[in-house]
Amino acid sequence: MKGGIIMVSNLIVAICAVIPLFFLMLVGFAVKKMRLLTELELAHVNRMVFKIFFFFMMFYNIYTTDLAETFRPHLMLFGAVGVLASALIGGIIICLIEKSNKRRGAMIQAIFRSNFVIMGIPIISNIFGDDQLAIPTMMIAIIVPIYNIVSVFILETFRGGHFYLPTILLGVLKNPMILGAIFGTLFLVLGIPLPKVILKPISQLAAATTPMALIVLGASFKAGSYHEHLPQLIGCILGRLIIVPTIMLSLAIFLGFRGIELVTLMAIFATPCAVAGYAMAQQMGSDADLAGNCVVYTTGLSCFTIFGWVFVLKTLGMF
């Protein structure tokens, strides 16, 4: 009887972690179907969310945190090394089984680059609450630059382009999330006080970031034809949603990560392909159709896989 109650409780935790995400995405899908936003308007809203909302989310979450409690160098190291290892090992395997350079870049990016910010942060919030987002927010400042730098390196390599690190680093520093993290850290470390009349609207913008981002994501979905690259698509889906998280989370558990740290790693390694990956593949001569389908289908299927990961970790008593 007790075991059944625990099982039901674990199911409820898993359901509560996933359902809010996909409800908001469904709202976005309804916005698209009702044609409340044109493609141009949607692009402008998406840009606004990225440049304004993400900046204030990063700033607020870092500014209002206790650095002594949230600074986790071992977690940051594991996350960074794990992402780099996923890119390296995934790249070696893809190069052995796929002959097309145009597809290689898109496939490697799909396997190692997750939608950590848009999909992962809300999962952590749904499980632990909004007041526990300082640790995963710190991880954004580490993981997002790695994603951007490695993605450019991979895509440039397979299109025969030139990888120029200073330009890429400058682009990373201009990323609104990184700027928000920098300013939030500076204000926190220097002890610069913000009056409540300013801090309150910043907190409201931070709170609105996730719902806005998920609604825009739902409204942006475009299912394309997958017949020309079905084997590659299946491989990317399995790699992104099953293989990478199985390896990385097993290793994380073995090394002793538990609680919010483990769930943060789950949010990095088990969430679907990053939406930004499609735009980068399109701009840098990779297979944009394959990259777009990776985003669409991993996001749709992650409804089930993320639920599974949360349920398994909760049942094992990992958080």
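Before any of the text, the structure's been laid out above.
Described below are features of the structure shown in this document.

Conventions used here
- Residues numbered from 1 in each chain as written.
- Predicted model: local features only at pLDDT ≥ 70, side-chain atom pairs only at ≥ 80, totals over all residues.
- Heavy atoms only, no water.
- Salt bridge = Lys/Arg side-chain N within 4 Å of Asp/Glu carboxyl O.
- Helix = DSSP H or I, 4+ residues; strand = E, 2+ residues; numbered from the N terminus.
- Buried < 20%, exposed > 50% of the residue type's maximum accessible area, 1.4 Å probe, protein only.
- Contact = heavy atoms within 4.5 Å.

**A short note on the pattern of salt bridges**
Consideration 1: In this structure the tally under the stated criterion is three salt bridges.
Consideration 2: As a salt-bridge pair, Glu-261 and Arg-72 come within 2.7 Å of each other at their nearest N and O atoms. Here Glu-261 is found in helix H12 (residues 259-269), whereas its partner Arg-72 is found in the loop between helix H3 (67-70) and helix H4 (73-97), with 189 residues between them in sequence.
Consideration 3: In this structure, Asp-287 engages Arg-103 in a salt bridge whose closest nitrogen and oxygen atoms are separated by 3.5 Å. You can see Asp-287 sitting in the loop between helix H13 (275-283) and helix H14 (288-315) and its partner Arg-103 sitting in helix H5 (residues 101-112), a full 184 residues away along the chain. As far as the burial class goes, Asp-287 and Arg-103 line up, both buried.

**Some thoughts on unusual backbone geometry**
Across the chain, the bulk of peptide bonds are trans and the bulk of non-glycine residues have phi less than zero.
Consideration 1: At Arg-35, a position not held by glycine, the phi torsion is positive, near 55 degrees.
Consideration 2: Of note, Arg-35 is situated in the loop between helix H1 (2-33) and helix H2 (39-63).
Consideration 3: Classification of Arg-35 by relative accessible area gives exposed; the value is 74%.

**Thoughts on the side chain of Thr-70**
Consideration 1: For Thr-70, the position within the fold is in helix H3.
Consideration 2: Taking the relative accessible area as the measure of exposure, Thr-70 reaches 8% and is therefore buried.
Consideration 3: For Thr-70, the contacting residues outside a window of four places in its chain are Thr-65, Ala-134, Ile-135 and Met-138.

Distances and angles like these do not, on their own, reveal function.
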